[in-house]
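Chain and residue survey
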Amino acid sequence: MRLTVGPFNRVEGDLEVSLELAEGRVAEAWVASPLYRGFEQILRGKDPFDALVFVPRICGICSVSQSAAAAAALRAAMGLAVPPNGARAANLLLACENLADHLTHFYLFFMPDFARAAYAGRPWFERAAARFRAAVGAAPPRLPGGERGAAAAQMLPARAVFMRLAGLLGGKWPHTLSLQPGGSARAVTAAEKLRIHALLREFRAWLEASLFGDTLEAFAALDGSAALWAWADERRGGDLRLFLEIARDLELERLGRAGGLFMSVGAYAAGCDGGARGGRAPPGGGHLFAPGVWSAADGAVRPFDPADVTEDISHAWLDGPSSPAPPFDGHTLPAARKEGAYTWCKAPRWQGRVVECGALARQAVAGHPLARDLVAGGAGSVLARVVARLLEIARVLPEMERWARALVPGEPFCSHGAMPDEARGVGLVEAARGALGHWLVVRDGRIANYQVVAPTTWNFSPRDAAGTAGALEQALAGTPAAGAGAPAVQHVVRSFDPCMVCTVH
Amino acid sequence: MNLLWLQSGGCGGCTLSLLCSDARDLFGLLRDAGIDVLWHPSLSEESGAEALEVLEACVAGDMPLDILCVEGAMLRGPHGTGRFHVLSGTGRPMTAWVGDLAARARHTVAVGSCAAFGGVTSAGINPTDACGLQYEGAEAGGLLGEEYRDGAGLLVINVAGCPTHPGCVVEMLLSLALGSLQADDLDALGRPRFYADQLVHHGCARNEFYEYKASAGKPSDLGCLMEHLGCKGTQAHADCNLRPWNGGGSCTRGGYACISCTEPGFEEPGHPFARTPKVAGIPIGLPTDMPKAWFVALAALSKSATPRRVRDNAVADHAVVTPAIRKTGLK
């Protein structure tokens, strides 16, 4: 039996999933990105710096990540270096978006599925519904007194206050132009530095009281599944413990299993916390969370090299050479009718292989023991992906506090230079959802080619020429699916926190 | 009032911006104003077939549709088929859905410059033949056509901006819920006048630099961004510097030029965004309502009268000269 699920909501953008069912389970899945806008065509021939205006508008939820990747690609093409303050400000702005996205995913996109009628009768259902029932919906109000889950109305103001950091460092969110190839156009004053400190403190207090029911440091220190479940049993409240109770009951560690290779391009410039050199340490080119490709099978981390990335268009509605192309040589030419194609999404591969990216990959590659232990048995899962996101909030906010403290008002935030007439550059950034790469080619002072490979392009990739399914397509295989509204399928898809407007751009 | 929100050829950023609203309880505010959000792709409970039931009931007229909000451009290509966005699960182009729903809607609202005019999605070679609901750039027409009127007899309401300010969307929805929005509350481009009758220049924190034409020369400089760095704040219709973003920001406060994102065609200015086009050293785009000769004369005069503090700070990324301390009283 073939089933089509769409419009698949509570993801960013439009998504269609087709499922071949056999014996109540998904036998095979096809993931389709139904929207094409053509940014890579739009950018051709433009002034290279105009990319800073266009690419954030690829995506309203990963806007700063896109901006940061464009700035990095331009920087590479120009051969510029960023002053320490610029790296700190860029880290803070990117972390602000990434953490806010993790929170939005948990509270608005993912958790409302556990408040659906399909789960009525589970021991945790009434609590999940009171907390997480979706913010809006056509169904008549059901719960007496509080027809919608209470959590969204508490999370949104906390998030909005946290996003004032983006207002301060980026002018507005989404779609800032503050991030420049040489750093940030928005220098921070001494008074603003204090304001950043106050905003971070307020956000930490909310997270610790409402989400974690514990200090961020205590959660970040958990070193494996056993420690996680012991922590979950502490009766100290917090939305994360409610999720863990649900996850244990529904065995979410067995759901959405896929992968074996987890990729990260490296997150956040290192050397930004001031360290021993009193806030003047230049970023050394390293990362807070190291890049690499971690194999769950042998536990080894292999180096990530952007030259190992190719994109295959065999199952996309795109014209071009049939052999996989490195992004510098990539083409994007729509072909709405093409035999065998089922999506606008290209199939990116690392050394020809399917990889998964996102917070789980980032934390596993960086060696966090909890993330690695959650991938026990060699595959990611719904549980592992969701926990890794929250783990990342707990790990990154304290880093933000250090970056803010290390800002030195009065010292430069931006360096300056010129774009050569002929140049190329790769900009690599870890967005909330994973590895984001921009490949820029400049000829005659204009953009000759601009190729974007986004996190969900990796995760929601279609089959490649060899017929190998993408990460989500693999993760869906075996998922229980009694009918169209099957909650398990919804959990698996949303566990990746897909961003469809980035996927195809 | 029933509200249905659809997304097509855009980035979803207007929805994400809306979630930054400074309302203590955004959805409670809308609900208490009598607005029931039937479906929103990012926020609703319903998915798949349940969501389609809602859409179909609205098209059939079985469910009243009071407010149709559309975010993102209308993708007519390739070759008029609309296949660049087929609404998932339906096999039908989004343009067809929007056409059917707009015919039923009491009010039709374009949220953001993409839905209003085509916006960034229609830039460059406009690969998807993108347009707005009732405009293609500055030309009336678009997907629904110049003759379209909503159930209340109004043109499409264009809450233009890239993205929209959350406050503008909330206030527009409240004005519809309270029944207070009239045709003359919209400007000549269909934008609500409560924000479009302002200029981005109003309240700009760089005003003293503007007064003396003390200009920034490079990103991160504090000076006025108009002369060299492409700023259109003196011409752009929006209240960004009176209605702060994310607690206190705006483009010019964020260190970069206003690109006039509420204006049809802003995505193709005909010059690099961050460089001011000039003739004989004078910016082509002069402040709105300002005669050129006066501008040139005043600019020359004010440049020659620029205090050292303003001149030096304009090209630094932090104040290098502080204002003199003076007694302002009479004795």
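Note that the structure is predicted; figures quoted are calculated from it, not measured. (Residues numbered from 1 in each chain as written. Chains lettered and ligands numbered in written order. Predicted model: local features only at pLDDT ≥ 70, side-chain atom pairs only at ≥ 80, totals over all residues.)

**Side note on the overall build of chain A**
- The number of helices and strands found in chain A is 18 helices and 17 strands.
- Against the 2.2 N^0.38 benchmark of 23 Å for 505 residues, chain A shows a C-alpha radius of gyration of 22 Å, consistent with a compact globule.
- The dimensions of chain A, computed from C-alpha atoms along their principal axes, are 65 × 55 × 45 Å.
- Relative to its full complement of 505 residues, chain A shows a buried share of 63%.
- Contacts spanning at least 24 positions in sequence make up 73% of the contacts within chain A whose residues lie at least 6 apart. (Helix = DSSP H or I, 4+ residues; strand = E, 2+ residues; numbered from the N terminus. Rg over C-alpha atoms; globule rule 2.2 N^0.38 Å. Buried ≥ 20, exposed ≤ 12 C-beta atoms within 10 Å, placed from the backbone. Contact = placed C-beta atoms within 7 Å.)

**Observations concerning the overall build of chain B**
- Helix and strand counts for chain B stand at 10 helices and 13 strands.
- Taking 331 residues into account, the globule formula puts the C-alpha radius of gyration at 20 Å, and chain B, at 22 Å, falls close to it.
- Dimensions along the principal axes, computed over C-alpha positions, put chain B at roughly 75 × 50 × 35 Å.
- Looking at chain B as a whole, 56% of its 331 residues are labelled buried.
- Long-range pairs, those at least 24 residues apart, make up 69% of the contacts in chain B between residues at least 6 apart in sequence.

**Looking at the domain arrangement of chain B**
All names here are of chain B.
- Each domain of chain B was delimited in the assignment, giving domain 1 (2-196) and domain 2 (199-319).
- With centres defined by C-alpha atoms, the gap from domain 1 to domain 2 works out at 32 Å.
- The set of elements that each furnish at least two residues to the side of domain 1 that touches domain 2 consists of helix H5 (113-117) and helix H7 (193-196).
- Grouping the constituent residues of the side of domain 1 that touches domain 2 by class yields 11 nonpolar, 7 polar and 1 charged. (Domains from an automatic or database assignment. Nonpolar A, V, L, I, M, F, W, Y, C, P; charged D, E, K, R; others polar.)

**Remarks on the interface of chain A and chain B**
- Taken residue by residue, the interface counts 79 residues in chain A and 70 residues in chain B.
- Listed by contribution, the elements that provide at least two residues to the side of chain A that touches chain B are strand S1 (2-5), helix H1 (39-43), helix H2 (51-54), helix H6 (151-162) and helix H7 (164-170) of chain A.
- Within the side of chain A that touches chain B, the residues separate by chemical class into 43 nonpolar, 21 polar and 15 charged.

**Describing the confidence of the model for chain A**
Residue and element names in this part refer to chain A.
- Here chain A averages 94 in pLDDT, and 95% of its residues register 70 or above.
- In this model residues 141-146 is a low-confidence stretch, pLDDT under 50, and it forms 6 contacts with partners more than four residues away in sequence or in other chains.
- The low-confidence segment residues 276-282 (pLDDT under 50) makes 10 contacts with residues lying over four places distant or belonging to another chain. (pLDDT = per-residue confidence, 0-100.)

**Here's the deal with the sheet that holds strand S2 (residues 16-22) of chain A**
Residues and elements named next belong to chain A.
- Pairing is antiparallel across the open sheet formed by 3 strands, whose spatial order is S1-S2-S3. Each of the sheet's edge strands pairs with one partner strand only, and the pair in question is S1 and strand S3 (25-32). Put simply, the sheet's adjacent strands are angled 25° from each other on average, direction ignored.
- Relative to S2, S1 runs antiparallel, the two sharing 4 bridges. If you follow Arg-2 over to S2, its bridge partner there is Glu-20. (Pairing = 2+ DSSP bridges. Axes fitted to C-alpha atoms, helices over the stretch in contact; angles between N-to-C directions.)

**Describing the sheet that holds strand S11 (residues 157-159) of chain B**
Residue and element names in this part refer to chain B.
- On the basis of which strands lie adjacent, the open sheet formed by 5 strands has the order S2-S1-S3-S7-S11 and parallel pairing. The sheet terminates laterally at strand S2 (36-39) and S11, the two strands that pair on one side only. Across the sheet, the mean angle separating the axes of adjacent strands is 25° when strand polarity is ignored.

**A word on helix H4 (residues 84-110) of chain A**
Residues and elements named next belong to chain A.
- The terminal C-alpha atoms of H4, which comprises 27 residues, lie 37 Å apart, in line with the 39 Å expected from a rise of 1.5 Å per residue.
- Along H4, the helix axis deviates most sharply at Thr-104, where the bend reaches about 30°.
- Taking burial as the measure, the 27 residues of H4 include 27 buried ones, the bulk of the element. (Expected span 1.5 Å × (residues − 1). Bend = angle between axes of the 7 residues up to and from the residue.)

**What to know about the pairing of strand S3 (residues 67-71) of chain B**
Residue and element names in this part refer to chain B.
- The buried fraction of S3 is high, at 5 of 5 residues.
- Burial along S3 is two-sided: Ile-67, Cys-69 and Glu-71 and Leu-68 and Val-70, pointing in opposite directions, are all buried.
- As paired elements, strand S1 (residues 2-7) and S3 share 5 bridges and run parallel to each other. Across the sheet, Gln-7 pairs through a bridge with Glu-71, a residue of S3.

**Digging into the packing of H4 of chain A against H6 of chain A**
Residues and elements named next belong to chain A.
- Following both chains from N to C, one finds H4 and H6 inclined at 175°, their axes separated by 11 Å at the closest point. By the angle between their axes, H4 is roughly antiparallel relative to H6. Across the interface between the two elements, Cys-96, Ala-100, Leu-103, Thr-104, Tyr-107 and Leu-108 from H4 touch Ala-151, Ala-152, Met-155, Arg-159 and Phe-162 from H6.
- Here the residues of the contact of H4 with H6 are counted per class, giving 9 nonpolar, 1 polar and 1 charged. (Parallel < 35°, antiparallel > 145°, perpendicular 65-115°, else oblique.)

**With respect to the environment of Val-156 of chain B**
Residue and element names in this part refer to chain B.
- Among the structural elements, Val-156 can be located in the loop between strand S10 (139-140) and S11.
- Sequence separation between Val-156 and Cys-69 is 87 residues; the distance between their C-alpha atoms is 9.9 Å.
- Setting aside residues up to four positions removed in sequence, Val-156 forms contacts with Thr-108, Ala-110, Leu-133, Gln-134, Leu-144, Tyr-148 and Gly-190.

**Considering unusual backbone geometry**
Residues and elements named next belong to chain A.
- Of note, the amide linkage connecting Trp-173 to Pro-174 takes the cis form, showing an omega dihedral of -5°.
- Non-glycine residue Asp-444 carries a positive phi angle of around 50°.
- Locating Asp-444 in the fold gives a position in the loop between strand S16 (434-443) and strand S17 (446-453).

**Here's the deal with helix H14 (residues 382-406) of chain A**
- The end-to-end C-alpha distance of H14 of chain A is 37 Å, a good match for the 36 Å that 25 residues give at a rise of 1.5 Å each.
- When you tally the buried positions in H14 of chain A, you get 20 out of 25 residues, the bulk of the element.

**Details of the confidence of the model for chain B**
- Mean pLDDT over chain B stands at 96; residues scoring 70 or higher make up 100%.
- Reported for the predicted complex are a pTM of 0.97 and an ipTM of 0.97.

**Here's the deal with the packing of helix H5 (residues 125-132) of chain A against helix H11 (residues 239-250) of chain A**
Residues and elements named next belong to chain A.
- One can describe the packing of H5 onto H11 by two numbers: an axis separation of 11 Å at closest approach and a directional angle of 140°. The pairing of H5 with H11 is recorded here as oblique in orientation. Between H5 and H11 the crossing geometry is left-handed. Facing Arg-127, Ala-128 and Arg-131 of H5, the residues of H11 in contact are Asp-239, Leu-242 and Ile-246.
- Classifying every residue of the contact of H5 with H11 gives 3 nonpolar, no polar and 3 charged. (Left-handed = near helix turned anticlockwise from the far one by under 90°.)

**Here we look at the pairing of S1 of chain B**
Residues and elements named next belong to chain B.
- Within S1, 6 of the 6 residues are buried, which leaves the element mostly enclosed by the surrounding structure.
- With burial as the criterion, each face of S1 is covered, one bearing Asn-2, Leu-4 and Leu-6 and the other bearing Leu-3, Trp-5 and Gln-7.
- In terms of strand pairing, S1 meets S2 through 3 bridges, oriented parallel. Within S2, the residue paired with Asn-2 across the bridge is Asp-36.

**Points about the environment of Gly-445 of chain A**
Residues and elements named next belong to chain A.
- For Gly-445, the position within the fold is in the loop between S16 and S17.
- The exposure class assigned to Gly-445 is partly exposed, which follows from the 13 C-beta atoms found within 10 Å.
- Taking the C-alpha atoms as reference, Gly-445 lies 32 Å from Ala-270; in sequence the two are 175 residues apart.

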